[in-house]
Amino acid sequence: MLADAPLAAVIPVTDLGRAVAYYRDTLGLNPVRESSEEVVFRCGGTEFGMYETPYGGQAGHTLASWKVADLAAEMAELRGRGVVFEEYDLPGLKTLDGIAEADGMRAAWFKDPDGNVLCVNERGEV
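Quick notes on the rules
- Along each chain, numbering runs from 1 in the same order as the chain's sequence is written.
- Where local features are concerned, this predicted model is filtered to residues with pLDDT of at least 70; where side-chain atom pairs are given and counted, the filter is 80 or more; whole-chain, interface and lining totals use all residues.
- Remark: hydrogens and water are excluded; side-chain values derive from all non-hydrogen atoms of the structure.
- DSSP bridges decide pairing: two strands pair if at least two such bridges lie between them.
- Only DSSP runs of H or I covering at least 4 residues are called helices, and only runs of E covering at least 2 are called strands; the numbering of each starts at the N terminus.
- Only the stretch in contact is used when a helix axis is fitted, and all axes are lines through C-alpha atoms; the angle between N-to-C directions ranges over 0 to 180 degrees.
- Residue contacts follow a heavy-atom distance rule, with two residues in contact if any of their heavy atoms lie within 4.5 Å.
- Ring pairs are drawn from Phe, Tyr and Trp, using the six-membered ring of Trp, whenever the two centres fall within 6.5 Å, and their geometry is named by plane angle: stacked under 30 degrees, edge-to-face over 60, tilted for the rest.
- Relative accessibility thresholds used throughout: buried, under 20% of the residue-type maximum; exposed, over 50%; partly exposed, between the two (1.4 Å probe, protein chains only).

Undergrad: Got a minute to help me understand the pairing of strand 3 (residues 38-43) in this structure?
TA: Looking down a regular strand, the side chains alternate between one sheet face and the other. Sheet topology places strand 2 (residues 31-34) next to strand 3; three bridges connect them, and they run antiparallel. Bridge pairing in strand 3 places E34 opposite V39. The antiparallel hairpin formed by strand 2 and strand 3 contains three residues in its connecting segment. When strand 3 meets strand 4 (residues 46-52), the two strands line up antiparallel, connected through six bridges.

Undergrad: Whenever I open this one, the sheet that holds strand 2 confuses me. Can you help?
TA: Hydrogen bonding along the main chain pairs the strands of a sheet, whether they run parallel or antiparallel. Taken in spatial order, the four strands of this open sheet run 1-4-3-2, and their pairing is mixed. Each edge of the sheet is formed by a strand with only one pairing partner; in this case those strands are strand 1 (9-13) and strand 2. Sheet twist, expressed as the average angle between the axes of neighbouring strands with direction ignored, equals 25°. Helix 1 (residues 16-26) rests against strand 1, strand 2, strand 3 and strand 4 of the sheet, and its axis sits at about 150° to strand 4.

Undergrad: Just to check I follow, could you spell out the packing of aromatic side chains for this structure?
TA: Evaluated as defined, the whole model comprises eight aromatic pairs. A ring pair is formed by Y23 and F48, whose centres lie 5.8 Å apart and whose planes are at 50°; its orientation type is tilted. Within this pair, whereas Y23 is found in helix 1, its partner F48 is found in strand 4, the two being separated by 25 residues in sequence. Per residue, the accessibility class of Y23 equals that of F48, and both read buried. Between the aromatic rings of F85 and F110, the centroid separation amounts to 5.7 Å while the plane-to-plane angle is 75°, which identifies the pairing as edge-to-face. A residue pair is termed long-range when its members are at least 10 positions apart, and F85 in the loop between helix 2 (71-80) and strand 6 (89-90) and F110 in strand 9 (residues 105-111) qualify at 25 residues. The residues F85 and F110 share a single accessibility class, namely buried.

From the geometry alone we can't say anything about function, so treat these as descriptive.
Quick look at the structure:
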């Protein structure tokens, strides 16, 4: 049954108003539904929501990833809006100028104001 059901990410934040402003003004996304408890954005035909909780920003892993056609162009646009990309030097993951490459994929990570880890990635032909 779940194989046929749409899946949507839900991102926990500590301040819903601040998060909406960041996702709208910095990332260029527009809410499609808003209430005092949840805000929903639509990207590329899928949706993700966010809600306020004291536990926002506590995950140390990627919560959402956008698949883009041109990673360099997307990063340039986001950097122009003030986004700072993370640098990693871990076993199996090393970035150079914010980009990690492996198995035909290029990816870059950044954090929202709560520290939620977000990603943009480009997958080439494998």
